[in-house]
Amino acid sequence: MSDAFEFHESRDAYVLEGPGDDSRYRIVVSRAFVDDEIGEAADDAARRAWLKANLPSILGAYTARIEGGWVKSPWDRVLVEEVEG
């Protein structure tokens, strides 16, 4: 599923549309967040590997946010946006 993350240069972030087949939301993970975790010298392949390895935590942040839960650091940097339909 981490392959579903698309890099949006204009946002400088990786975006996952419709996580868990829920087209009402998208997950946004900034490149700055990933770089803070693995280093600024990382290339796109390393960033995508990090997204894949941390997908359970990213999805956990997504679930907590849509259900009104609390998200612990550093996962509080994962954004969940409602998609206008």
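The model shown is predicted, which means the values in this text are computed figures rather than measured ones.

Visitor: Which residues make up unusual backbone geometry, and what values go with them?
Guide: Pro-74 follows Ser-73 through a cis peptide bond whose omega is 5 degrees. Looking at where Pro-74 falls in the secondary structure, it is placed in the loop between helix H3 (55–66) and strand E4 (79–82). Even without being a glycine, Asp-12 presents a positive backbone phi close to 55 degrees. Here Asp-12 shows up in the loop between strand E1 (6–8) and strand E2 (13–17).

Visitor: Give a detailed account of the pairing of strand E3 (residues 25–30), specifying residues and quantitative values.
Guide: One ladder, built from five bridges, connects E2 with E3; its direction is antiparallel. When the sheet's bridge partners are listed, Ala-13 is paired in E3 with Ser-30. Summarising the sheet, E3 and E4 pair through four bridges and their orientation is antiparallel. What sits directly across from Tyr-25, in E4, is Glu-82.

Visitor: Account for the side chain of Asp-35, naming residues and giving values.
Guide: Residue position: Asp-35 is located in helix H1 (residues 31–38). Assessed through its relative accessible area of 12%, Asp-35 is described here as buried.

Visitor: Help me get a handle on the sheet that holds E1, residues and values and all.
Guide: Strands sit in the order E1-E2-E3-E4 across an open sheet of four strands; the sheet is antiparallel. With one partner strand each, in any of the chains shown, E1 and E4 form the two edges of the open sheet. Adjacent strand axes in the sheet meet at a mean angle of 35 degrees, parallel and antiparallel pairs treated alike. Strands E1, E2 and E3 of the sheet are contacted by helix H2 (residues 44–53), whose axis makes an angle of about 45 degrees with E2. Where H3 meets the sheet, it contacts E3 and E4, and its direction lies at approximately 130 degrees from that of E3.

Conventions adopted
- Residues numbered from 1 in each chain as written.
- Predicted model: local features only at pLDDT ≥ 70, side-chain atom pairs only at ≥ 80, totals over all residues.
- Heavy atoms only, no water.
- Helix = DSSP H or I, 4+ residues; strand = E, 2+ residues; numbered from the N terminus.
- Pairing = 2+ DSSP bridges.
- Buried < 20%, exposed > 50% of the residue type's maximum accessible area, 1.4 Å probe, protein only.
- Axes fitted to C-alpha atoms, helices over the stretch in contact; angles between N-to-C directions.
- Contact = heavy atoms within 4.5 Å.

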